[in-house]
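# Commentary on secondary and tertiary structure
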Amino acid sequence: MSYCFRLSQPARWGVKPRLAKRSRGFASSASTWLPVLPINLTAPNSRSWKQPVGLFINNEYIESQGADRITTVNPATEETICSVHAASGHDVDRAVSAARDALRHPSWRNLTGTDRARLMVRLADLVDAHAETLATIETMDNGKPYTVSLGYDVPDLSSVLRYYAGFADKNFGKTVDLGPEKLAYTTVQPVGVCGQIIPWNYPLSMAGWKLGPALCCGNTIVLKLAELTPLSMLYVGDLIREAGFPPGVINIVNGHGHVAGAALAEHEGVDKIAFTGSTKTGKDVMRLASGTMKAITLETGGKSPLIVFDDANLDQAVSWAHGGVMGNQGQVCTATSRLLVQDGVYNEFVQRFVEFTAKTSVVGDPFDEKTYQGPQVSKAQLDRVNLFISAAKACGGTIHQPSASLPSRGFFVQPTILTDLPASHPALHEEIFGPCATIVRFKDEDEALSVANASRYGLAGAVFTNDVARAHRVARELEAGMVWVNSSNDSDIRMPFGGIKESGIGRELGEEGLRGYYNVKAVQVNLSGQ
Ligand code: ADP
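For the protein chain, the name recorded in an unreviewed UniProt entry is aldehyde dehydrogenase (NAD(+)), with Sarocladium strictum as its organism. One UniProt comment on the protein chain, placed under Sequence similarities (unreviewed entry), says "Belongs to the aldehyde dehydrogenase family."

Spelled out as structure tokens, the structure:
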């Protein structure tokens, strides 16, 4: 039976929202599921679209049960964009019930990997077809430059869907030779309902990294968006329905972290939690998930070092180091924000890095194609960055702020380079999550490694050298999940992404990224007749 035929069957999923069925002891207490109509929005670049603002459950945008709404703001103008429905604990119940029902429903459960791949590729095609609208939404809601939204975030979502679609019909079990009297084999099965909690720095991309492997393996999903940036993925809900995913396979809820996120993390109907966000919240999520011993993957904070040795190509090092810390307004978990530079080139590197930042980090309207750096995502994030800068000033650090003046409105901050800080200064150890680099000098390889590894984090690291032996030695010794040699933040969806220490558990992307999304079942058949 072809998958098209199966999906066009009159399914028990009605077009109308329906009451969640009681399962595993939890259920919605909703008496009605009221649809929510989209609202008309127009961005500063004059693009208009219909913006969904409800919770996306069972392929419908519906009201939250409570009166809670989240207002989202354009960080470049400080103007309100709109309000979206915020999920309560009951709403999370509804989304989880929908995902559980979809997990068992033949319209999803009986699909082959090839069928799932077709749906995923269809969604990827729709994402690409709506690229300009999605990029507009992302830039308006998050503040990142439109060129970046269009050139990176949107294609990252569609690429990762296509990448994992490629695995959907290739992820099999094995037969195991236990001798002539046994037939033994393993099968791979979906983990079940996956709660996926994403942050605000790459809303589309982070959603893709989570949806791709989960769908590939046949799971169903409740995706919890970050309260600061709900709009782009809410828009994708319509594309999910249009692609033909059965209702309940992908549910999208917006909501406060301590309400909706926490409800999802501890929910007894959720089998796995995948989280990206701060280390502190990651620990909360881990505690909440422990109640039902959920499978868990965490991608949390970082304070990644970038080491420049005397023999490095300085032009190359300066350019990659700049992108590694200033890109995406510095709001990147893998930002290589701790620059360690060897004595012999320290002064020259600092001078060139400051000059390069002055030239490259054009701060301003994110819809202007000349802009490199838009606003920080929120006033709170702006305040956080400024706090580190003033603390550095107070300690006698040198503050380099080479860019021109900032726009008068919006959550903008100067790209900042801090030098001459005392070794214990918080700016050298804590994640700033802004366009703010620290530079310290070192004498030799041992010192570089000991400073680089003196961190509770272990997400990424970069090393610049022309000595091939040293490059591999340092790559081996760096306590990090990812190392770049002569580049930085050069991630690729085909390579595993994730950290050690307090930077996380498990890996996303690459073939490794699948591991958290299937269970292996061992089957043994007695052939002996005894
Ligand atoms: P930030 O502090 O940068 O906003 P967070 O780690 O707090 O980063 O947020 C990342 C994601 O985690 C967001 O979707 C947020 O709503 C969610 N979140 C926040 N607090 C909790 C919590 N206690 N339980 C589950 N999810 C949470």
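Moving on from the model shown.
As a further point, take the nonpolar core. Ranked by internal contacts, the top residues of the largest apolar core, which has 100 residues, are Leu215, Met233, Phe245, Phe349 and Phe353. Among all residues touching Leu215, those that are not within four sequence positions of it are Trp108, Arg116, Met120, Leu161, Ile221, Phe245, Val249 and Ile250.

In this section: the site of the ligand. In the region of the ligand, 17 residues are neighbours, and Ile198, Lys224, Glu227, Ser278 and Thr281 sit closest. Between Glu227 and the ligand, the recorded distance is 2.5 Å, taken from a side-chain N or O atom to an oxygen atom. One of the backbone N or O atoms of Gly257 is found 3.4 Å from an oxygen atom in the ligand. Taking 550 Å² as the accessible area of the ligand by itself, protein coverage stands at 80%. The element that contributes the greatest number of residues to the shell around the ligand is helix H9 (residues 257-266), accounting for 4 residues.

Nonpolar side chains collect at one region of the surface, where Leu183, Val525 and Leu527 lie side by side and expose about 230 Å² of accessible area between them. The topology assignment puts Leu527 in the segment after strand E24 (518-526). Here Leu527 falls in the partly exposed class, since its relative accessible area comes to 48%.

As a further point, take the packing of aromatic side chains. In total, this model carries 11 aromatic pairs according to the counting rule given. With a centroid separation of 5.9 Å and 35 degrees between ring planes, the pair formed by Tyr146 and Phe367 is classed as tilted. Linking Tyr146 in helix H6 (residues 146-165) with Phe367 in the loop between helix H12 (343-360) and helix H13 (379-394), this pair joins segments that are 221 residues apart in sequence. Each member of the pair, Tyr146 as well as Phe367, carries the same accessibility label: buried. Each residue in the set Tyr163, Tyr164 and Phe167 is aromatic and connected to the rest through ring pairs, giving one cluster. Sitting above the plane of the Trp33 ring, Arg94 keeps its charged end 4.9 Å from the centroid.

Read from one edge to the other, the open sheet built from 3 strands follows the order E7-E8-E24, with strand pairing classed as antiparallel. Sheet topology places strand E7 (175-176) and E24 at the edges, where each strand pairs with a single neighbour. Relative to E24, strand E8 (residues 182-190) runs antiparallel, the two being bridged by 9 bridges. Counted as the bridge partner of Tyr185 is Val523 from E24.

What counts as what
Residues numbered from 1 in each chain as written. Predicted model: local features only at pLDDT ≥ 70, side-chain atom pairs only at ≥ 80, totals over all residues. Heavy atoms only, no water. UniProt positions renumbered as here; feature names shortened; annotations may be inferred. Core = buried A, V, L, I, M, F, W, Y, C linked by side-chain atoms within 4.5 Å. Buried < 20%, exposed > 50% of the residue type's maximum accessible area, 1.4 Å probe, protein only. Contact = heavy atoms within 4.5 Å. Near = heavy atom within 4 Å. Polar contact = N/O pair within 3.5 Å; in protein donor to acceptor, adjacent residues only side chain to side chain. Areas by Shrake-Rupley, 256 points an atom, 1.4 Å probe, with all protein chains shown as cover. Helix = DSSP H or I, 4+ residues; strand = E, 2+ residues; numbered from the N terminus. Patch = residues over 30% accessible without salt bridge, like charges linked within 9 Å, V, L, I, M, F, W, Y side chains within 5 Å. Salt bridge = Lys/Arg side-chain N within 4 Å of Asp/Glu carboxyl O. Phe/Tyr/Trp six-rings, centres within 6.5 Å; stacked < 30°, edge-to-face > 60°. Lys NZ or Arg CZ within 6 Å of the ring centre and 35° of its normal. Pairing = 2+ DSSP bridges.

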